[in-house]
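# A structural walkthrough
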Amino acid sequence: KMDYQKTSETSHKNIISDEESIIDSPAKRWLSWVNDLKIESYNTPPMYGDYEAQRHWMELTLHIPINRWYYYDLDWWGLDYPPLTAYVSWICGKIGSILDPTWFALDSSRGYESDESKLFMRSTVLICDYLIYVPAVLVFVNWWFAGNSWKKRELAVLLILLQPALILIDHGHFQYNSVMLGLTLWAINCFFYDHDVLGSIFFCLALSFKQMALYFAPAIFSYLLGKCIKNDIRGVMKLGITVIVTFGIVFYPFLGSLEQISQVIIRIFPLQRGLYEDKVANIWCAINVIIKLREIFDINLLAKISLITTLFAILPSCIYLGSNPDKRYLIYGLANSSLAFFLFSFQVHEKSILLPALPICLLILDDVFWCSWFIN
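As the structure is a prediction and not an experimental result, all values here were calculated from the model.

Looking now at the environment of Tyr176. Its place among the elements puts Tyr176 in the loop between α7 (164-174) and α8 (177-192). Tyr176 sits 10 residues away from Leu166 along the chain, and the two C-alpha atoms are 9.5 Å apart. For Tyr176, the contacting residues outside a window of four places in its chain are Gln54, Met58, Met121, Thr124, Val125, Cys128, Asp170, Phe209 and Lys210.

In C-alpha cells form, the structure reads like this:
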C-alpha cells in the first residue's frame, strides 16, 4: 500500500523496481492479488461457496466409488462438471490427503477452511496455471507475433496473463477455469501448426473438463470442416474418429449402463436451473427486468427459444469461417461464437464471460481499442 502524500524520487525508483520485478515474476501477481482477497463466501455457512465446492469434489472423488460420483449427496455441491474435472479433483485430493487427511475427510470436513488447506488449494490453481495455461499463451504469442520484436511479444504475454477477470475468478472466487481455457488454447496452437488431430484431442479434453467450452465448438467445427472440404474431405472421418475415441476414453468409467451415463449428462447439463443464474449480463436477464420470461414461459419453451436465437447469432460467423478457414479468422470466429452463446444461450452463468474474454484478449494488440474496452 502506497502513501501518496510522501511520494519522492526514492519512492518512484522503488515503484519502477517493483513493477519490473512483477513483470519478471508472474507468480507475484498471485501473491499480490490474492493475499488480501477473501474467498467467495469465505467462512459463510451453510454452503460456504465455490471454494467448498472444489474442496468437496476432492473429498468426494477420494472416498466414493467412481460409479457413484455423480449420485453422492447432490444437495451438498453435487458434482456437476464433466469427468476430467473429477479426475483432476481426485489427483489434488490424493496429494492433499497425504499432507493432512483431515482436509478431505468424508463428510466431517465440510466447510473446512484452515490456513494450510487454503494455501494448498490456492497452490493447485497456480500450478495448473503454470502447467497448462501459461505455456499455451507463450506458444500462441510466438506463432501470432512471429516476425515481431521480442518487446511486442513480451507485452502480449504480459497483457494476456494479467487479464484481471481470470485472476479474480480463479484465484479469488476460486475455480480452475484456466485449465479449460488452457486446453482450448493448446487446441488453437495445434490448429495453427496444422496438427488438427492433436488439436481435436485437446479441445475434447477442454470439453471434458468444463462443458462451457461448447461456446467455442461451432467456430472450431466450422474451421475444421471448411479446411477438410478445401484440402481433403477424408479428414472429416479422421477427426470424427479422434473425437469419439477421446470422449470414449474420458467417459469410459461411466459407460457401464444407460442409467449411469444419463445421470452424468443430466448433472452436466442441468436444464432445471433455469434460463440464467443470478444477475448475468446477457439478453435474457436484461429482458427479464421488463418482461418476466421465467414466470410467463415454460422452461422447455425458453430452452428452445434460446437455442434458436443462439444458432441465428452464430450462423454468419460460422458460415464465413467455414468458407474461409483462415487461421487468423479462427480467433475472431471464436470470439463471435462464445459471445453469442453468452448473450443468448440457455443457463448462462456469470463466469461464462471468461470464454469470449479469451479470444478477445488474444487480439489485444491487433484491435487495441475494442479489446481493451471489452476487457475493462
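Moving on from the coordinates now.
Overall, the coordinates contain nine salt bridges when judged by the stated rule. Between Asp107 and Arg110 there is a salt bridge whose closest N-O contact spans 3.3 Å. Residue classification places Arg110 among the partly exposed residues on the basis of a relative accessible area of 25%. We note a salt bridge from Lys227 to Asp196, for which the minimum N-O separation is 3.0 Å. Note that Lys227 is positioned in helix α10 (residues 217-231) and Asp196 in helix α9 (residues 196-209), a separation of 31 residues in sequence. Pair check on accessibility: Lys227 and Asp196 agree, each one buried. Salt bridges here are not isolated pairs; linked through shared partners, they connect Asp194, Asp196, Lys227 and Lys327.

Attention shifts here to α8. Look at α8: 23 Å from first C-alpha to last across 16 residues, which is about the 22 Å you get at 1.5 Å a residue. With its phi angle positive at about 65°, Asp194 sits one or two positions after the end of α8.

Right, let's talk about unusual backbone geometry for a bit. If you check the backbone angles, Asp107 has positive phi at about 70° while not being a glycine. Tracing the chain through its elements places Asp107 in the loop between α4 (83-99) and α5 (115-144). Positive phi, close to 60°, is recorded for Gln347, a residue that is not glycine. Structurally, the position occupied by Gln347 is in the loop between α16 (327-344) and α17 (354-362).

Cut-off values and rules
- Residues numbered from 1 in each chain as written.
- Predicted model: local features only at pLDDT ≥ 70, side-chain atom pairs only at ≥ 80, totals over all residues.
- Heavy atoms only, no water.
- Helix = DSSP H or I, 4+ residues; strand = E, 2+ residues; numbered from the N terminus.
- Contact = heavy atoms within 4.5 Å.
- Salt bridge = Lys/Arg side-chain N within 4 Å of Asp/Glu carboxyl O.
- Buried < 20%, exposed > 50% of the residue type's maximum accessible area, 1.4 Å probe, protein only.
- Expected span 1.5 Å × (residues − 1).

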